[in-house]
Structures are given as structure tokens and as C-alpha cells.
Amino acid sequence: MAVFTSVTLDDLSQWIKQFPLGKALALKGIASGIENSNFFLTTERGEFVLTIFENLDFEQLPFYVQLMRHLSERGIPVPAPVPNDQGELVMALHGKPAVVVSKLDGSSQMDPQPVHCAEVGTMLAKMHLAGRDFPLRQPNLRGLDWWIETVPKVLPFLDADEAVLLESELAFQRGFAAGPVYAGLAQGPVHADLFRNNVMFVGERLSGCFDFYFAGWDSWLFDIAVTVNDWCIDLDTGRLDQDRVLALTRAYHAARPFTEAEAQAWQPMLRAAALRFWLSRLYDLHRPREAEMLTPHDPTHFERVLRERIAVPAPGITA
């Protein structure tokens, strides 16, 4: 993530004593992303990740960190939050909520092949199943309500063609969300941001996924659509790669079979997932916050993806 809040080793010298981690030995800011301040943290006990939250507050954070703990305890390879000596997972640092989590092995696969997509599909299905008994509920904070609120904020910055596309797609998604097919979709905790850079591999084996701070309660199909729209496309054109789409969705289906409602909702949900990220990138570009190491993502990428999803049907999924 971008670094909004600067932290030094001196800042951590006393703060770190509340954890069973020993002394802090090294700290390095992580430049990717645009939401929170993240650092690689080396201590006498190993490698960890320190996150300081810039938008989420102390009341919202239990959902995210407890979800990671819940999934980790059920064998899903996600970062495990480290409790302090009082058993707390969220602590104040520079007046903002902060957490320390375990660091995953491996590296991101930025040129995924069908074998990697199949691994992601299997893991995502297992994650959804593991979250069925998670007791906390919190909406997807970048869901439909946020889209309705945010579209008027970015429209003044768009040309006529972009504005027509944005407003028409929002109207389509509002209608779809109000219909019976959407109402029949299976729901639960979702990652909602499972891009290539949020998954780690050792060779062809998926070793973990991270960055749960857009997670929320939503349809599982939305989570799959977000994932397919990143893992299974040509990045230059936004076009889907059929082999990768089928590898991911078939692997998911083998672990958690799709429902009839999900098969019917697949094409609209791929459009919804594209709209969500086009809109958030428009907002980050035109309504930026100051941060060290901040480089907003190009919104035109997901504009292309959305236009592709409208124009060209994706390989279908079957119940």
C-alpha cells in the first residue's frame, strides 16, 4: 500500500514490546496500492507485515482481522494477525488503528497460466466455504451503495462518452440488484480484491492470499467475477482468455458447485466487478489523498474491461 503515515524504527521501539516478537530490526514501506500504510517488518522472531489504516476505524476493523484469524484457523493460507499481550489484534499507532500479521511465503504470479488460475479458483471456493460460520457481518463498503454515492462525484471529470457509460451501467446494476436472480445468490464474507498481486505462489503452488481490507459481506459470485476480471484477461485489451476463465471457474465449481442463480447472474456480475474498479480508480485519480509513494492506478484499464464485458459474453458457468 502507499505510505500515508510515516513510521520509523524509533517509533516502534516501545510499541513493539506489547507483542511476542522481540525487537524491531528493520522496517520498509510497501509502495503498491493506495488505501493503507503498509510496511515489511523484521523482528527478532521473523518477518511480518505492519498495516496502519487510513480510512477504516477501530469499529470497522474487527471484521477484517477476525475474518483473517477465522480463515487461518480453518486452514486457508492467509496472514494470521498477531495478538498483543492483552489478546488484542488492533492497536493504536500514531493515533490510527494498526495490526501486525504474519508474512506469507512466495511471490506474486503476474503472468498467470491456467494452472495458476485453477489454484486460485480452488482456494477461493474453500475460502467461501470456510467463511460460512463466520459470526460477524459487515457490508461490502465498495458495493452498490458506494457506487450510487460516488458516481456524481466523478462525473464532472469525464467526457460525454465516459459519462454515458458510467451512468448507464450504474442504472443497469441497480436494476439487476433489485431483481429476483440477484436475490437468490449465495452470500457470505468475500475478499473482493483478489488481484494477482494479492496472491502468492511457490512455483505452481498457491502459498497464500492477503490484503483483506476490502472484504465484506456480498455475493460469492461477485468475488469470483472480481477475480476473473484480473486473473483471466489480457491486460492490454481487457479481453478474457477462455482457457484461464474455464480453469478458474471449473476448479471453483469442483470445490463449491455453482447454483442456477449464479449461472444466470454471471454476465451481469462480471460487469458489476468491472464497474466497481473503474469507479474506484476514477475516484482515486480525481479525488486523490496525499501520500508518500502514491501512484494512482489508471482507470482506463477497467473502462476497457467494462466495455468488453458488455460487448462480448464470457464463457458461461453451469450449475
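The structure this text deals with has already been given above.
Read on for a plain summary of the structure.

1. Focus on the overall build of the protein chain
So, point 1. When its secondary structure is counted, the protein chain shows 10 helices and 9 strands.
So, point 2. Radius of gyration (C-alpha) of the protein chain: 20 Å, near the 20 Å computed for a compact globule of 319 residues.
So, point 3. Taken along the three principal axes of its C-alpha coordinates, the protein chain extends 55 × 45 × 35 Å.
So, point 4. Sorting the 319 residues of the protein chain into buried and exposed places 54% on the buried side.
So, point 5. Taking contacts inside the protein chain between residues at least 6 apart in sequence as the whole, the part at least 24 apart equals 75%.
So, point 6. Here the protein chain has roughly 13,600 Å² of accessible surface; of this, 52% comes from carbon and sulfur atoms.
So, point 7. Across the protein chain, the mean location of the 28 positive side-chain charges is 3 Å away from that of the 40 negative side-chain charges.

2. Notes on unusual backbone geometry
So, point 1. Positioned with a positive phi, Ala192 is a non-glycine residue whose angle comes to about 75°.
So, point 2. The residue Ala192 is located in the loop between strand E6 (187-190) and strand E7 (199-202) in this model.
So, point 3. For Asp211, which is not a glycine, the phi torsion comes out positive at approximately 60°.
So, point 4. Its relative accessible area of 10% is what places Asp211 among the buried residues.

3. So, the environment of Phe195
So, point 1. Inspection of the secondary structure puts Phe195 in the loop between E6 and E7.
So, point 2. Among the residues examined, Phe195 registers a relative accessible area of 8% and is labelled buried.
So, point 3. As a C-alpha pair, Phe195 and Arg74 span 121 residues in sequence and 22 Å in three-dimensional space.
So, point 4. Phe195 has contacts with Val226, Asp230, Trp231, Phe277, Arg281 and Phe302, leaving out every residue within four places of it along the chain.

4. Looking at the packing of helix H5 (residues 160-177) against helix H9 (residues 260-286)
So, point 1. The geometry of H5 relative to H9 is characterised by a closest axis approach of 10 Å and an angle of 135° between their N-to-C directions. On the basis of the axis angle, H5 is oblique to H9. By crossing handedness, the relation of H5 to H9 is classed as left-handed. Of the residues in H9, those touching H5 at Glu162, Leu165, Leu166, Glu169, Leu170, Phe172, Gln173 and Phe176 are Ala265, Pro268, Met269, Arg271, Ala272, Leu275, Trp278, Leu279 and Leu282.
So, point 2. Class assignment for the residues of the contact of H5 with H9 results in 13 nonpolar, 1 polar and 3 charged.

5. Looking at the pairing of strand E8 (residues 205-209)
So, point 1. Of all 5 residues that make up E8, 4 are buried, and the element is covered over most of its length.
So, point 2. The hairpin turn running from E7 into E8, its antiparallel successor, is 2 residues long, and Gly203 in that turn takes a positive phi close to 65°.

6. Focus on the sheet that holds strand E4 (residues 91-93)
So, point 1. Ordered by their spatial adjacency, 5 strands build an open sheet running E1-E2-E3-E5-E4, and the pairing between neighbours is antiparallel. One side of each edge strand has no neighbouring strand; the edge strands of this open sheet are strand E1 (24-29) and E4. Between one strand and the next, the sheet's axes are offset by a mean angle of 35°, whatever the strand orientation.
So, point 2. Of the strand pairs in this sheet, E1 and strand E2 (residues 37-43) are connected by 5 bridges, and their pairing is antiparallel. When the bridges of E2 are listed, Lys28 appears paired with Phe40.

7. Things to note about the side chain of Asn198
So, point 1. Structurally, the position occupied by Asn198 is in the loop between E6 and E7.
So, point 2. Among the residues examined, Asn198 registers a relative accessible area of 4% and is labelled buried.
So, point 3. Apart from the residues lying within four places of it in its own chain, the contact partners of Asn198 are His191, Asp193, Gly208, Cys209, Phe210 and Asp211.

8. Structural notes on the nonpolar core
If you look at soluble globular proteins, the nonpolar side chains tend to sit buried side by side.
So, point 1. Membership of the largest hydrophobic core comes to 80 residues, with the highest contact counts inside it found for Leu166, Phe212, Ile224 and Trp266.
So, point 2. Ranked by the residues each element gives to this core, the list is headed by H9, at 13 residues.
So, point 3. When sequence neighbours within four positions are dropped, the list of residues in contact with Phe212 reads Tyr64, Leu67, Met68, Leu71, Val78, Met127 and His191.
So, point 4. By size, the runner-up hydrophobic cluster in this structure holds 17 residues, among which are Ala24, Ile52, Met91 and Val100.

Rules used throughout
- Residues numbered from 1 in each chain as written.
- Predicted model: local features only at pLDDT ≥ 70, side-chain atom pairs only at ≥ 80, totals over all residues.
- Heavy atoms only, no water.
- Helix = DSSP H or I, 4+ residues; strand = E, 2+ residues; numbered from the N terminus.
- Rg over C-alpha atoms; globule rule 2.2 N^0.38 Å.
- Buried < 20%, exposed > 50% of the residue type's maximum accessible area, 1.4 Å probe, protein only.
- Contact = heavy atoms within 4.5 Å.
- Areas by Shrake-Rupley, 256 points an atom, 1.4 Å probe, with all protein chains shown as cover.
- Lys, Arg positive; Asp, Glu negative; His and termini not counted.
- Charge placed at Lys NZ, Arg CZ, Asp CG, Glu CD.
- Axes fitted to C-alpha atoms, helices over the stretch in contact; angles between N-to-C directions.
- Parallel < 35°, antiparallel > 145°, perpendicular 65-115°, else oblique.
- Left-handed = near helix turned anticlockwise from the far one by under 90°.
- Nonpolar A, V, L, I, M, F, W, Y, C, P; charged D, E, K, R; others polar.
- Pairing = 2+ DSSP bridges.
- Core = buried A, V, L, I, M, F, W, Y, C linked by side-chain atoms within 4.5 Å.

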